[in-house]
Each structure stands twice: as structure tokens, then as C-alpha cells.
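Take a look at the letters that make up each chain.
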Number of protein chains: 6
Amino acid sequence: MSFQYLKPNRNARFKDRYTTKVDETLTPYEERKTGDIGVIGLPFSKTSISLSGASEAPGTIRKALGSYSTYSGEKDEDYENMKLLDFGDVPVHPTDTGETLKRMQTSVKEMLETEACQKYVMLGGDHGVSFPSISAFKEKFGRIGVIQWDAHHDLRNIEDGGRTNGTPFRSLIEEGVLWGEDLCQIGIRDFSNAKTYADYAKKHNIHTYTMADVEQKGIQFITDQVIQKLENKCDTIYLSVDMDAVDQAFAPGCPAIGPGGLTARELLGSVAMASQHPLVKGMDIVEVDPTKDFRDMTSRLAAHVMMRCMYT
Amino acid sequence: MSFQYLKPNRNARFKDRYTTKVDETLTPYEERKTGDIGVIGLPFSKTSISLSGASEAPGTIRKALGSYSTYSGEKDEDYENMKLLDFGDVPVHPTDTGETLKRMQTSVKEMLETEACQKYVMLGGDHGVSFPSISAFKEKFGRIGVIQWDAHHDLRNIEDGGRTNGTPFRSLIEEGVLWGEDLCQIGIRDFSNAKTYADYAKKHNIHTYTMADVEQKGIQFITDQVIQKLENKCDTIYLSVDMDAVDQAFAPGCPAIGPGGLTARELLGSVAMASQHPLVKGMDIVEVDPTKDFRDMTSRLAAHVMMRCMYT
Amino acid sequence: MSFQYLKPNRNARFKDRYTTKVDETLTPYEERKTGDIGVIGLPFSKTSISLSGASEAPGTIRKALGSYSTYSGEKDEDYENMKLLDFGDVPVHPTDTGETLKRMQTSVKEMLETEACQKYVMLGGDHGVSFPSISAFKEKFGRIGVIQWDAHHDLRNIEDGGRTNGTPFRSLIEEGVLWGEDLCQIGIRDFSNAKTYADYAKKHNIHTYTMADVEQKGIQFITDQVIQKLENKCDTIYLSVDMDAVDQAFAPGCPAIGPGGLTARELLGSVAMASQHPLVKGMDIVEVDPTKDFRDMTSRLAAHVMMRCMYT
Amino acid sequence: MSFQYLKPNRNARFKDRYTTKVDETLTPYEERKTGDIGVIGLPFSKTSISLSGASEAPGTIRKALGSYSTYSGEKDEDYENMKLLDFGDVPVHPTDTGETLKRMQTSVKEMLETEACQKYVMLGGDHGVSFPSISAFKEKFGRIGVIQWDAHHDLRNIEDGGRTNGTPFRSLIEEGVLWGEDLCQIGIRDFSNAKTYADYAKKHNIHTYTMADVEQKGIQFITDQVIQKLENKCDTIYLSVDMDAVDQAFAPGCPAIGPGGLTARELLGSVAMASQHPLVKGMDIVEVDPTKDFRDMTSRLAAHVMMRCMYT
Amino acid sequence: MSFQYLKPNRNARFKDRYTTKVDETLTPYEERKTGDIGVIGLPFSKTSISLSGASEAPGTIRKALGSYSTYSGEKDEDYENMKLLDFGDVPVHPTDTGETLKRMQTSVKEMLETEACQKYVMLGGDHGVSFPSISAFKEKFGRIGVIQWDAHHDLRNIEDGGRTNGTPFRSLIEEGVLWGEDLCQIGIRDFSNAKTYADYAKKHNIHTYTMADVEQKGIQFITDQVIQKLENKCDTIYLSVDMDAVDQAFAPGCPAIGPGGLTARELLGSVAMASQHPLVKGMDIVEVDPTKDFRDMTSRLAAHVMMRCMYT
Amino acid sequence: MSFQYLKPNRNARFKDRYTTKVDETLTPYEERKTGDIGVIGLPFSKTSISLSGASEAPGTIRKALGSYSTYSGEKDEDYENMKLLDFGDVPVHPTDTGETLKRMQTSVKEMLETEACQKYVMLGGDHGVSFPSISAFKEKFGRIGVIQWDAHHDLRNIEDGGRTNGTPFRSLIEEGVLWGEDLCQIGIRDFSNAKTYADYAKKHNIHTYTMADVEQKGIQFITDQVIQKLENKCDTIYLSVDMDAVDQAFAPGCPAIGPGGLTARELLGSVAMASQHPLVKGMDIVEVDPTKDFRDMTSRLAAHVMMRCMYT
Ligand SMILES: [Ca+2]
Ligand SMILES: [Ca+2]
Ligand SMILES: [Ca+2]
Ligand SMILES: [Ca+2]
Ligand SMILES: [Ca+2]
Ligand SMILES: [Ca+2]
Ligand SMILES: [Ca+2]
Ligand SMILES: [Ca+2]
Ligand SMILES: [Ca+2]
Ligand SMILES: [Ca+2]
Ligand SMILES: [Ca+2]
Ligand SMILES: [Ca+2]
């Protein structure tokens, strides 16, 4: 016998026949399946300097996709046929950091090796996950350019605490994965970094844009500029979105919140513009801590960042 | 004997003799009483697609009026003598949706028939209340133009779930109450609607302004434009303010929150400008869910929307 | 190629090889599959008199099962091989109450008709779901005895608001599904009911045990007594657990909380004792509102109620 | 014209024709009106040692009365005809403590002078309100016996901070309003008082019962004992219920919460027993801080304390 | 013996050797010690008209300094050698308002008399603390100019409630401490003041800038203008930052929140610009209520206000 | 010059001259200083299986000591002269678990080697800290008996995740630090453990008492029994209090909450009884997660556990 009404718990919500929610286009990856966008979870935040629940974000961001639809009114384009493949999450080792970093790099690498999709979204976790993720992209795609939205340089020394969430770009540069001149940082905020690391950025020719730059030049202008800096010399462009680049009013769920950051509109506009470039193959979204958030606002913003990146 | 100090619980708060709080000017309607603004509560949100406590909003918005004063510094005008008449709330039937819709339409109609006021404010409730409310206005005032601030078109089909909060303007159009060309939608947001309904809007000549329009043209310009579209052909103008037109940072208490919406200042400026037009006879404020809000921020914004509408 | 580490999002949590979490034993029902316990979600609470988010409970209770293991130390018995079949959730009609009630009764009936399991757990929803659920049990199993843990009689008249969550047992009695003498109510609380309904209970020979009875006679004694009252005359026994029978300190997430109720230990002991009886074929758990809860405490208690009922 | 449905905002809630909510029996006092129970609000907590929002409690406790009905199942008695007269609240002076204390004493006195009721309930406010309240009772009724449920002696010296909420009973004794031997304290908790004040209690022959006494002798026995101590020598008995006598799990909204206190059932049973005595003419409920509470649990408990006291 | 690892509780947090947190530069004042910035806490908010926990702010703002570093990337300047001296907090009298006002004025005066620093930051408390604080500055430095960021005039009459947090500037003017023409108010909001007080402002030649002024002229222009108004005629300039000048989205922890205020960026830019002027010797930050805040967002904004003022 | 009123921020709170708060008796350890009780913080919870903020507990528990006084009314004994020495906190390495475990064991050892106190309290952190702590006690004091209050055995295998918070007693047994027969577990809860680990407990002659044992035999009887089991064969007794032994209603801030546990009174009575034994030299309190707590209720309970242990 079959049932007249019953549906699996997750699917029993109201369905309007003409509306496709983004999460309805996300299906588990299976061997040889291809799609448009690959999604992977990197639920690791034990390496955060301050207490972080960013490990919960891959779940909440996926869930937030269920609140929005595949149709862009601005472009009058429906992306309901764009296929999102969910490669699942990397299981975290409870006590061995090195093991978890290895698992993440291997898993992103394995995902890329499937060549199943055109673009990939990595859902952190804290910013420490960018080290294994970008390393895997480098192995696969060659010289890599990175656009990083962040209040912080993330160029801390490694001696004082190992590979914490304050160190990914230092690690990438010192391991030779990324060249300083191929890294662009947007949204660097006052009183949120140390002089040593700002000096390190300069010495390595990292392109940094502070909030004062954003106020004076405009986020569109800056975004355009960083794309131009990277497009000719890099084989691929990777976007790294630390949500704390955004003002605490718009992203209250980040561990290191503060005032004076980007508005949600500024971030979304900037990510959308960058994502149109054909070299963009990957994006990570990090530092969303759902345990500190209000009504999943920061996960919702992250979901919109995803949509702006995917639907170009 | 009389008491030296005792006052009813609600009036025992501190009173500065020179300050009039808005709620002090709100008194219950009684037969043959006249005033300037009529206020009615439509505390119904059982027809919401997602779980909604918008039914609590008429109470919290009225309470928020107690935090603000009748004096506009911008205009150097004190509205302490403007009389607000409270027509009370429509009692909701716990299980019969149709009955509740009928009660709401009848009650708004009865309120309008008193001809006690120049302008009326309907406090929802979810957006479903606009269907009976606008229907009643139509009956009383003739051809009706509507300015709707909303992230969503609210033009869903009715087959899939009846008259939910996603359907009011579809219902109004299909029932012949409202013509598509008399409807202006401001703040329509990306990834928040289905293509089918955007197409429906076009087909029915609904005037829609997206957030990209707001960013490019400015909210003032758009507001001015919609007023011009309506003022010549309609007998009256009705404002319908769905608070989720506003960014989640400024209106965290709506059921369907998301990033990238209007700022509070943009909404207030737009409502103020529209409300100055003499044809504006009614406004509803909907989709404020106090059970999800933080410190009644969304009800407070709704109270300011009221003040901008009333004090012109 | 296959992946070394990647797992579906829900399964990426830490796994101790010797520990079986209860949710690991819950698998979706498929045709002709049999098991020990059938689980179904009845996510409906629009008929609640006060605003209720009990519709969210089937999801949170299932999730809470993931925090507990299949092993009972008290009995030194591991239930890891007991199979829980998940029949999914009944989709709710957004605006048509009657339709939803019909869907629920049909779906419970269809589940019972599979004869796949020995015992069934219905996850509400508000207490209104017991009307269709018990009706379906009656159709399938014949004369039905009900043990209801509740602060309230739930014998309200239907004229004043239709089949709300205050009416299920009145409805069942008046529809001839349940006889008053086959209904036992435990935990009835002072100042939480109307005299009319207490009189109705008496007139229909309903067995009621108040909190004073619990304090004086002990919950074990009472539970034993109600079992004796039902076991000889009924074909089956159905347990209906309204979580608001429990004191607000132990079940803070019910819509109608109050002090002076059962402790968590009292409820768990009572349910465990009753569940051992071979006539017990079904149990519903209702009035858990996760949107009002603290740290899912009430859903956790509900999960323990389930375990006490299933693992006998 | 009259309206078919519209009701004042506060009355638009669902009404079951057979159920009387306690707040429906509470009406504003008017000259020469008589009733059974007088209720007055003393919304003052600026004198609290730690930050306190107890000034909000008179409103939330009254509101909590709307969640419960007038019918006692335990006694099979409906109190719907018992009339509660609301004398309103005493307005607090924002900066002058002495003035506020005077207003409270005067107002309680004026209420008692109306001789409108048999019994009076004073809703605090912090425990400091007992000083003016009991003083007024003394003036009206003569020698006064007090039963105080409290974790603390409230016998602090006045030199170190004036008449704070830690001093009311010291003040009453030193002003000659109350004799030590006429004061009974139940629920005094370990590590919550200073030796000096315990010694003061002994020296003034105050009857104190600690939580160890409650565990060993039982709350019923103790309650019976204190009644016996007071009934022969006093002209009237006054109950003073500091909600922090209750364990933090059952009364999380008190400023000075802690573990190891009374259960809700113990407090309710004790208050009910004491209130049956014909000498009991007044009760205050203090130290409920709604701004720190969870779901108004502590106000709900306070409402039940009121009902146990009123409905004897 | 000495310990290899152990550190005092507050210092056991992670330390990056190259990063100096602002709180690391804050040390207790000792006799004859000198520094750059003096910090004092005025933890008093019992005089607030509405319930206020602003008394907790001196602690939370100091703690927020621990989240930010001494390095300004915008100026490429590290302020790690700038010495902040903590003069401690003024103990509040629990019941005697006048005594507390006296203690505050004396303590600020004593701090200024040490001549230990160039600039001083006073951490409120409610806005009532500006009366004793500015009075002390006047005594020490002569004619004083004040820039006040505030939604409100704070010019209420004193008869109706004494020196509440609505009265400081009225009190200062009437006591002859401050001349109206030396007071500039930025951010005055609609429907947040009474006409009487706006008239008082005009009559006393107070310079007021409303939110409409901010929208039209820009915050930078206005800030520049007020500095020009004060710099020639005053001996010193005092900044008084009432955080409720900021929109509720950016400063949700103020007692009197509302929509339509300054953004965080506008406030920070304005304070930074004003603070550069050499006449600025003192700043108070008031009306931050940590008990109502979300994730100390408002204290974090206050910390940034401090940094913008100190690091010029 | 000296100040008339100013006090360091932490000491500016109200002081009653006759009351000594427990935190006033806690002073930093300095070389050769002796006292009665040594206190050390082990703020480590990165090894928790589920996300844990127990690392914050040493701070919040110390702070909670400020809410209670040194006087026990039950014993009529003031402990104001008992000296508590604060040895500070062990700094955690952000990414190297092994290093942190080593630091903790070394630091506890160094503390014990000072021989400054009679008894020591270790404030966790998650239960993983008991492994280094008990190891240090063993080195110093010889054969060690452990009384563990816990819902869980904490005897998990180490292969599946290393030394997590589920493994401390397994680790201690396998490292030969502790013998199974010297370990007593009280409060073991149903459906909270795996059969394998219950079997391990039996095989190693661990004494386990479940919640059913507590209900049937009483907590006093059990406590007495475990003391008798340990006092003759062990050189010292160590108490290990996992707060999740307590029901979620009384200890809502533990990571692994659930219903059906000990009441606060049961735990306090049991710890008090055990602590009187002269062999008890150490106690740890673990699994308090202040980031999940409500009003620091669980830290407050932990503070009372400390007082019951210290003040014997
Ligand atoms: Ca980062
Ligand atoms: Ca960052
Ligand atoms: Ca809408
Ligand atoms: Ca909408
Ligand atoms: Ca029920
Ligand atoms: Ca019930
Ligand atoms: Ca007291
Ligand atoms: Ca007390
Ligand atoms: Ca102010
Ligand atoms: Ca203000
Ligand atoms: Ca444990
Ligand atoms: Ca445990």
C-alpha cells in the first residue's frame, strides 16, 4: 500500500508548486554524478583563539537555503535547473588537530578530483579551514589568487599557538601555496589587527583595503580593482568570505564581532561582482557561529552570499 | 474618600508634565465620537505559511507608541491634539479561517462607515489581513491604489494552500477588488520570489521596484514616482507596509527575515513622503512577529511608521 | 573513486564504535518493511487556543533521540536491535483545519494498516491531534482505554471555537470513539480547568487524579490503579502524554506552563510502568513547543518519555 | 451603529463561555465598592542592593492571572463570584526614596481604611516594600504577626545603605512596628546570610526555620507550628512571600537566586495552609524580577501563590 | 618554587606576542603615576526614568577593550605605548541619590586634580552622570563647550522627578555651569522629545542638529561646524556620547532605543573628527545598558568610541 | 592626595560591614603563603565530544562565590577566617591537546607540592581535566579513591577520538593511576551510556549507583556506603563532580543535559556528607558550560558545591 499524504519529516513543509527553494536543488553527490556547484562542509572550529561554535555552520547555512528561492528578480533568471551537489561534511577528530586538517585537505582535493562541477563552495568552520581548502585548490588548479573579505589580516605567527584561525594566510604564504601579491584583503578594520601583521602584509605585497577605503572609494570600485589585479596572473580565483568583515549589526553571529564594518548590501554587491569572473572556481564562507547568532541572521546572510556566488 | 497617589496600573508610570506620549492620545472609540486617525487591530496570523506570531503585534505596536512623543522636531509641530480613536481588535476564530476573514472585512467596513476619522491604520497580523481590509476600503472609497513595501510579491496561487499570507494581492486582483496597474511594490528582493509570480506581476502591469532599483534610483525618487502613477486614476490610496521589506538588521522580528533590504531610514522616509498625499486614507502594517523580535525593535519601527503616516 | 572521510552532513558527528544512539535505530518506513516501533509526526498546532509552535516538535524530538543511547543501565538491556520505523510527517494544510484533521486520521490509519510494528508513537503537535489519532486506533483495534497525563481535562465545548486543543477528549466521547469510563486523567491541576468540565468528567465517569492525589497516594500507586481499571475491559490501551502535566521547571517549553505539576522523575516512572502492559499499542506526546523551550529541555524529556515507552 | 465583532484589544482573546479566568474577576476599585480581596501594586525596587527590575512585577503577576481559572478542582469549588478589587499602583518618585516609601505607606493605609475587602494582596516590588506595607497594617489592625518565606533574614543594619531590600524586618523591629517574637521565617538558606543577622534574629526571639528544618520536619509541620505560635498573641497575621525562598529551578526570576531552596509545591502547600487561618488579612509577594525571568515562570508561580491565599 | 604555566585567571587567555589588546594598556592609578588617558567609572543609573542597568556598563566597556588592539591600520600607528590609567569606580549609595551625585562630582574632581593625564574618559551610568562630571570639569578648566550626541535634548524640568537622566543639560544650564550657546546637540530624533524642551533649546541658543540635518548635510560637515562654534569661545571641550543617538540596529542595548538614528560608522567618524581637536579634554559615554544588550554589541561600540577618542 | 570614594571597579559594589562574601576570602597565592583551601582553574574543554564552553566556568564559578556569604546557618558557623588561595588558571594551548594536558598535570602537581593548603578545588573545564588532575593527586598522595557524581561512566575507548571528556576514568584505570574498585559512581542515568562501558565498569569492580538506586535507597545511604568502601583502603579520597549528574531543571548549563537526574538538594547533601571525611583532599567540578546556562544557575550550584566541600 502507499500513503496518501505522508512525507519524510524534512519534506512535510508547505510546498507552492511554482516555487523552488534553493535547498531543493541540493542533492547528495553520488559517483559519476555531475552538477553545477559542489558544496562541502568543513565543520571545524576547535582551532579558534576564542571559543567558537562555527563548526555548526555547515548545517545552519544549508538550512537557510530552504528560506530562499532560486529565482533572481534582478536578472529575471530562474536558477531552478542549476544543480547543487552536496559532498557532505568532513568528520572532525575530537582531539587531534593535525589529523582534522589532513582530512579536510584530502576531502576537498577528492571533491575537486571528481571534476563534477564548475564551482565549489566550502562551508566553514573557522577561518583555519581556508588553509587546507586553498592548498587543495592550488594542487588542482595551479597559481591561485585570493580575494578575502575580512576585518582581520589573519597573518599571525604560528609559534604562539599553532595553526589557529588567525593564521591561515600566513600559513599559505609560508608554505608557498599562495604568493602575497596574489592576496587581496577587503574590509580590514581599525583596532582589529597588530602592526606586525600589517607590516607583514606590506612586506609581502598583499593588497589591503580598509574600511576607510571602502567609505572613500566605494565597495564596487575596490572589487573591480582587485579582480583586475588577479585576473591576468592567476590560474584561478578563490573567494574567502570571513563574515566578520560585516558590521555586527548585520552579522551578529560571528565570534569576533565589532562595529564599523561592511553593510550586508556592500558585501553582497561585492561578492556578486567578483563571482561573475570566469576564473572564480571556489569560495569559502567562514566564521559564522550559529550558537551566538540571533535568528540565524548570519547564516541567512551566508546563504545569500552563496546565492550571489552561484547564480551569476 | 479619594486616594492621594494611587493610579491604575497602566498609568502609574512617570509623567513629565510637558511631554505627551503618543499612546496618551489614543482613546477607545465610542459611538458618535470623531477623531483624526482610526486604529484597528487585526490579530490574525494562522494563515501564515511559516509559523507566525504576528497576531501579537497589535498589542505590542500600541505599547510601543508609549515610548515616543507627539512632537516632531523636524517639522517643529506638536501633534498632541491629534485624536487617535482605537476601534479595538477583531476577535479571531480559533479554527475557522473563513469566519475570521469575514469578521475582519466586516469590522473594517463598520469602522469606515462610522466616518469618524480622516485616515485609518490597520495593525496586522500577517499580510493575509490586507485582503479583507483592502476589500472593505474598496467598498467604501471606490477605485483603490495600493503602495506595498515588501520583499515579496504576495501573488501566490490559491490552490496550493488557500488564502495564506502569500496571496493577498493575487486574491484582490482575482476578486476584482484591485487592478494590477493600481498596485506598486517597493523593495522586492532577490531570491525571495518565484518566476511565475514575477511574470504574473508583469502580465497584470503591477509596478515593481526591486532593491537594485532602490540602490540605483533612490527611495525618494521611487516613492515620488509611484505616487504620480496612482494619484490621477485612483479614488483613494492605501499603503500596505510589510515590515520584511526592511533588512533583517533593522526589523529582526519578521517571520521571513533576510539580508539586503531597506534600511529603517529608507522605509521611514518613503512612508512619510507617500503619506503626505491627500488621497492616502488607510495604511496597514503587517508581518511584525513580536515573539521572534529583539526588544520589540520591529514593533518600535512599526510605531514610527505609524507616526510618519499620521503626523503629516 | 570513493572518499576517505566525507560523510553526509547529518552523519559527520563523532561516533564511538560501541555506542548506539537512539536515532541511529530510526529508519524510514518502506513498503513491507517491519519493525518494533512505528513513529509518525503530526506537526499541527494551528488549532491551539493560545499561540503554539508545537508543530515544530516532531523534528526536535527526533533530534533529541540523537543525544541518548539505546542501553538501559537500570535493566542492563541494550535495545540497539529494536527497530524504529519512521513513517514521516503528515503535511499540514495552511488554512483548512478540517482537511488537516482528515489527513492525520487517514495517515495514522494507513500506518496501523501496515501492521508493520507492535507499538506506535505519535509526535504532536498540540493535543488536538489526539482526536484523529485515537479515532484511527479505535477503528483498528476496537474498544480503547486511554491514560492521559495532563494538567487539563481537555473536555471543552466545541461551539466556542471548534475542535481546538482544549477539546480532544470531549470530541472523542461525543463522537462515540471513547467512553468516559475508559479515560483516566493523571496530574489534573488546580486553577487550570473550569467547573463545568470537571462536572462533565464526573458525569461521564472519567477517572481523574489531581496533583493532590499524586502528592498523597504517590504516582506509582495511581499508575497501577489506572492500569487495573482499563486492562480487563479494553481491547487496547493508548497513552496520551500532554507534557504540561509536568511542572514548568521541568518542562518549560509547553504553551500552558505553570507551577505545581509533576516532576520529570514522576512522569518517567509513571509512563514506564504503564508501558509495560502488553495492551499498550500507542502513545502520543503533545504540547511540546520548541519555539518557547530552553535548550530543547522539553523535547529531551519527550525523548525520554519515548524511550521509557519503547524499551520495556 | 454598533459593531458585530470588535472588542477592546485586551478582551479580544478567545473566550470559552464556561471558563472564568482569574483576571476577569479583578476590577478597578471605585468609591464605596466592596469586594473580597483587595489588590495593590507597589512597583518599587530602586532600593535593591543588586540591580532589580522587581518594579515590573505588579504588571506581570496581574497578567499571569489571565492564564489560570477560578475553579479549584482539589476543593471542587468555583471562586468565580469572589470579587477582586484592584486599587491600582503607587506611582514611584524617580529620585526620592523617602517620598516613595511615604506614598506606599499612605496608599496601603488608605486602601485599608476603605474597609472594602476581607483580605489584601500587595504586589512588590522588592522586599523593601514590606516596611511601609506592614506599618500600614499595624496602624489599622494592631499587633501583627508575620510569616516570612525567604532565603534571607532581611535584618541588615541601616547605616550601610539606608532602607534597602535587605532591611525591612530590622526596620520594622527597630521602629517598634513588629516584635521579634511575632516574626516567623521559613526557608532560611545556608551561605545566604551573615552571622551578625542570625544572632540578631536569636536575640530578638525571631522564629527561624532553615532549609535543613524543611527537609527534616517537612513544610506542613513547620507551617502548622508557626501558625500556632502567632494565632493567640497577635491581632492579625500578615504573610510576606519573598520568592527567593524557592529554588532557582522553580523561581528563576528572582534577583538573588540560588540552589537548595523550596520546591514550588512546598511553597504553594505552605501558603495555602497558612492562608486558611482567619487572622490572615494581608500578604505581600516580593522579589519577582520579570526582566530576568524565563517565560514569566516566577510571575506565574506568584499568581498561584495569590490564588492559594485568596481562594481558601 | 615558581610555577611553569599558571597565571591569574584574567590573564590566562591566549596571548599573541605581537598583539597588544587595549585593556593591557589600562593599569590602576597609583599616587603620582602619570599617563595619557584617565578612565573612571560612574556606575549609577537609579535616576533613570525607565528601568536601567546602565550601572553595569563601566565593567562591560572595560571588558570590551580586551577584544580590540592598540593598532590603527587607518593611521598606521600603534598606540601600545599610550598609557591608560584606571581611577576605578565611584561606589553608589543604594538609597541616597544626592549622596551619590556628590561622590561622583568629588571623585571626578579629585581625578582631574591629579593632573595625571591629558584626557579623561568617564564611563556611565545613565546620562544623569554628566551633571556632576561636567560640573567637575568646569571647576577645573573654566568655560566649557559640550558636544552631545543624543536622540534627546535632556532638558526636562526638574520639578517632576528630580535630577533624572532626562535633565542633565537643563541642570547644568540652570546651575550656571554651562551656557546654552556652548552646547551642541547632534542626532536629535523625531517623536523623541517634547516641544517645550525644543523651545527651551532655542531660547537658550543651544545648537541642535536633527537626524534630517544629518541626512541632508552629512555628519562630517556638522561635526566640523560644531567644533568651529566652540573652539574660539571655550576653554575646553567636553564630549558627551549618549549611545541612543545611534539607531537601535547598531546599539540595541540602550534603554531608550528606536529606529532612524545614526549608523555606527557615522558616530565613530564624528567622534574621531571631534576628538582630534586639542581642546577636547573629556568624554563621557552613557546610556549603555548591558543587561538589555545582545552580545555586548553596544559596549563594543562604546569601546570603539573610546578608541576613536583616545587614539588621535 | 588620596581619594574619598573611588575604588577599583571590582570592589565598588555595595558592602555591608557585617557580611563577608566568599570571594572576599579568596586571594592570589604567593610564595610561602598558606591557607585552608587551594583553588585552581583548568579552563579546557576543546576535547569535548560535543561543542562545549566549559572552559569559561572557572571564571563564572569564582564570580558566583561573590553572591554567597561565608556563614552557615545550619551549623551556626562563620567561615570568614578560612583562607582560600587562588593559584590561578592553566593557560590552554589553542591547538595542541597533549601540551595542554601536560600543563594541567604539571600545574596541579606544582600546586600540591607547595603544601600550602589542606584541601584543593579544581575548577574545570570538561571532565577530561580529571585525568591530569587525579594523576597529579596520585603522585602526591598515593592510592586514591574517587567518588564521581555523573550521569555517565566516562569509560569510553580512546581509539575512537583520543582522550575526550568521555574517557578520563578509562584513561586513569588503564594508566594504572586508579583501580576500578577505588572508583564509585553515583547518579548513572538510563539511556546515557553504552552497554560496553557498563560491562567494563563491572569487570573492573567499579561501584556504580544509578538513579533508580538513588530513588530506592536514598542519596544519603549511598553516600555513606561509598565512603565506607573507600576509607580503609585508600590514602586519600578525591571527589569528582560532573554537574550533569543533576537533572536539567537544576543544572541547565551542562553540555549533556537530560531529565531524570539528581535534584540540587540531593547533590548538595551528598557532597556535604562526603566532604566531612578527613581523607578528602581534592574535588573537581566539571562540565559547567556558562555559554549555555540560564542566569549562571549552574555556576551558582557549582559554587554551593564548593562551599559544601570547603566548609565542613
Ligand atoms: Ca579571518
Ligand atoms: Ca576575521
Ligand atoms: Ca507580504
Ligand atoms: Ca513579505
Ligand atoms: Ca491537553
Ligand atoms: Ca494540558
Ligand atoms: Ca527578603
Ligand atoms: Ca530573599
Ligand atoms: Ca541623553
Ligand atoms: Ca538619549
Ligand atoms: Ca563525566
Ligand atoms: Ca557526564
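Residues numbered from 1 in each chain as written. Chains lettered and ligands numbered in written order. Predicted model: local features only at pLDDT ≥ 70, side-chain atom pairs only at ≥ 80, totals over all residues. Heavy atoms only, no water.

What follows deals with the overall build of chain A. Along the backbone of chain A there are 9 helices and 11 strands. Here chain A has a C-alpha radius of gyration of 19 Å; the compact-globule value for 312 residues is 20 Å, and the two agree. In terms of overall dimensions, chain A has C-alpha extents of about 70 × 45 × 40 Å along its principal axes. Buried residues in chain A amount to 68% of all 312 residues. Between the averaged position of the 36 positive side-chain charges in chain A and that of its 45 negative side-chain charges there is a distance of 2 Å. (Helix = DSSP H or I, 4+ residues; strand = E, 2+ residues; numbered from the N terminus. Rg over C-alpha atoms; globule rule 2.2 N^0.38 Å. Buried < 20%, exposed > 50% of the residue type's maximum accessible area, 1.4 Å probe, protein only. Lys, Arg positive; Asp, Glu negative; His and termini not counted. Charge placed at Lys NZ, Arg CZ, Asp CG, Glu CD.)

Let us now look at the sheet that holds strand β1 (residues 26–28) of chain C. All names here are of chain C. An order of β1-β5-β2-β6-β11-β10-β7-β8-β9 is seen for the 9 strands of this open sheet, with the pairing classed as parallel. In this open sheet, the two edge strands, each paired with only one partner strand, are β1 and β9 (207–210). Here the average twist between neighbouring strands, direction ignored, is 20°. Across 6 bridges, the pairing between strand β2 (residues 37–42) and strand β6 (residues 119–124) is parallel. Residue pairing in the sheet places G38 in a bridge with Y120 of β6. (Pairing = 2+ DSSP bridges. Axes fitted to C-alpha atoms, helices over the stretch in contact; angles between N-to-C directions.)

Moving on, we get to the UniProt feature "binding site: Mn(2+)" (unreviewed entry) in chain A. All names here are of chain A. Here the UniProt feature "binding site: Mn(2+)" (unreviewed entry) sits at H127, D150, H152, D154, D242 and D244. These annotated residues cover 118 residues of sequence, but their C-alpha atoms sit close together, with the largest distance between any two at 12.1 Å. Mapped onto the elements, D154 comes out in the loop between β7 (144–149) and α4 (168–174). With residues near it in sequence (within four places) discarded, D154 still touches H127, Q148, N165, G166, T167, P168, F169, R170 and D242. Within the structure, the side chain of D154 is placed 2.9 Å from the side chain of H127, a separation counted as a polar contact. With respect to the element layout, D242 can be found in strand β10 (residues 236–242). Judged by its relative accessible area of 2%, D242 falls in the buried class. Each residue touching D242, except ones within four places of it in the same chain, is listed here: H127, W149, D150, D154, V286 and E287. (UniProt positions renumbered as here; feature names shortened; annotations may be inferred. Contact = heavy atoms within 4.5 Å. Polar contact = N/O pair within 3.5 Å; in protein donor to acceptor, adjacent residues only side chain to side chain.)

Turning to the interface of chain C and chain A, a few remarks are in order. At the interface, 33 residues of chain C touch 32 residues of chain A. Interface area, chain C with chain A, both sides summed: about 2,700 Å², of which 63% is carbon and sulfur. The interface formed by chain C and chain A includes 0 salt bridges. Where chain C touches chain A, the interface holds 6 residue pairs in polar contact (both at pLDDT 80 or more). Elements with a minimum of two residues in the side of chain C that touches chain A: α1 (57–64), β5 (84–89) and α2 (97–113) of chain C. Take the side of chain C that touches chain A: its biggest share by element is 8 residues, from α2 of chain C. Split by residue class, the side of chain C that touches chain A holds 15 nonpolar, 8 polar and 10 charged. (Buried area = accessible area lost by both parts, 1.4 Å probe. Salt bridge = Lys/Arg side-chain N within 4 Å of Asp/Glu carboxyl O. Nonpolar A, V, L, I, M, F, W, Y, C, P; charged D, E, K, R; others polar.)

We now examine helix α8 (residues 264–275) of chain D. Residue and element names in this part refer to chain D. For α8, with 12 residues, the first-to-last C-alpha span of 16 Å sits near the 16 Å given by 1.5 Å per residue. The buried count for α8 comes to 11 of 12 residues, which makes it a mostly enclosed element. For α8, the complete set of buried residues consists of A264, R265, E266, L267, L268, G269, S270, V271, A272, A274 and S275. (Expected span 1.5 Å × (residues − 1).)

Let us now look at the coordination of the calcium ion (ligand 6). All names here are of chain C. Surrounding the calcium ion (ligand 6) are the protein donor atoms D150 (OD), H152 (ND1), D242 (OD), D244 (OD) and D244 (OD), which sit 2.2 to 2.5 Å from the metal. Between consecutive donor residues of the calcium ion (ligand 6), the sequence gaps follow D-x1-H-x89-D-x1-D. The distance between the calcium ion (ligand 6) and the calcium ion (ligand 5) comes to 3.2 Å, and D150 binds to both of them. On the accessibility criterion, D244 (4% relative accessible area) is buried. (Donors = N, O, S within 2.8 Å, 3.2 Å for Na, K, Ca; no water.)

What follows is about the packing of helix α8 (residues 264–275) of chain C against helix α9 (residues 297–310) of chain C. Residue and element names in this part refer to chain C. Axis separation between α8 and α9 bottoms out at 8 Å; the angle between their running directions is 25°. Accordingly, the angle class assigned to the pair α8 and α9 is roughly parallel. Note that α8 runs across α9; the crossing there is right-handed. Contacts from A264, L267, L268, G269, V271, A272 and S275 in α8 reach L301, H304, V305, R308 and C309 in α9. Classifying every residue of the contact of α8 with α9 gives 8 nonpolar, 3 polar and 1 charged. (Parallel < 35°, antiparallel > 145°, perpendicular 65-115°, else oblique. Left-handed = near helix turned anticlockwise from the far one by under 90°.)

We now examine the arrangement of the chains. Considering only C-alpha positions, the minimal separation of the non-contacting chain A and chain D is 18 Å. A minimum C-alpha distance of 18 Å separates chain C and chain E, which share no contact.

The full count for this structure, using the stated rule, is 66 aromatic pairs over all chains. Here Y29 of chain C and F87 of chain C contribute two aromatic rings whose centre-to-centre distance is 4.4 Å and whose plane-to-plane angle is 20°, an arrangement assigned as stacked. Highlighted residues: Y29 of chain C in the loop between β1 and β2 and F87 of chain C in strand β5, separated in sequence by 58 residues. What makes Y29 of chain C buried here is its relative accessible area of 14%. Among the aromatic side chains, those forming a connected cluster through ring pairs are Y120, F137, F141 and Y238 of chain A. (Phe/Tyr/Trp six-rings, centres within 6.5 Å; stacked < 30°, edge-to-face > 60°.)

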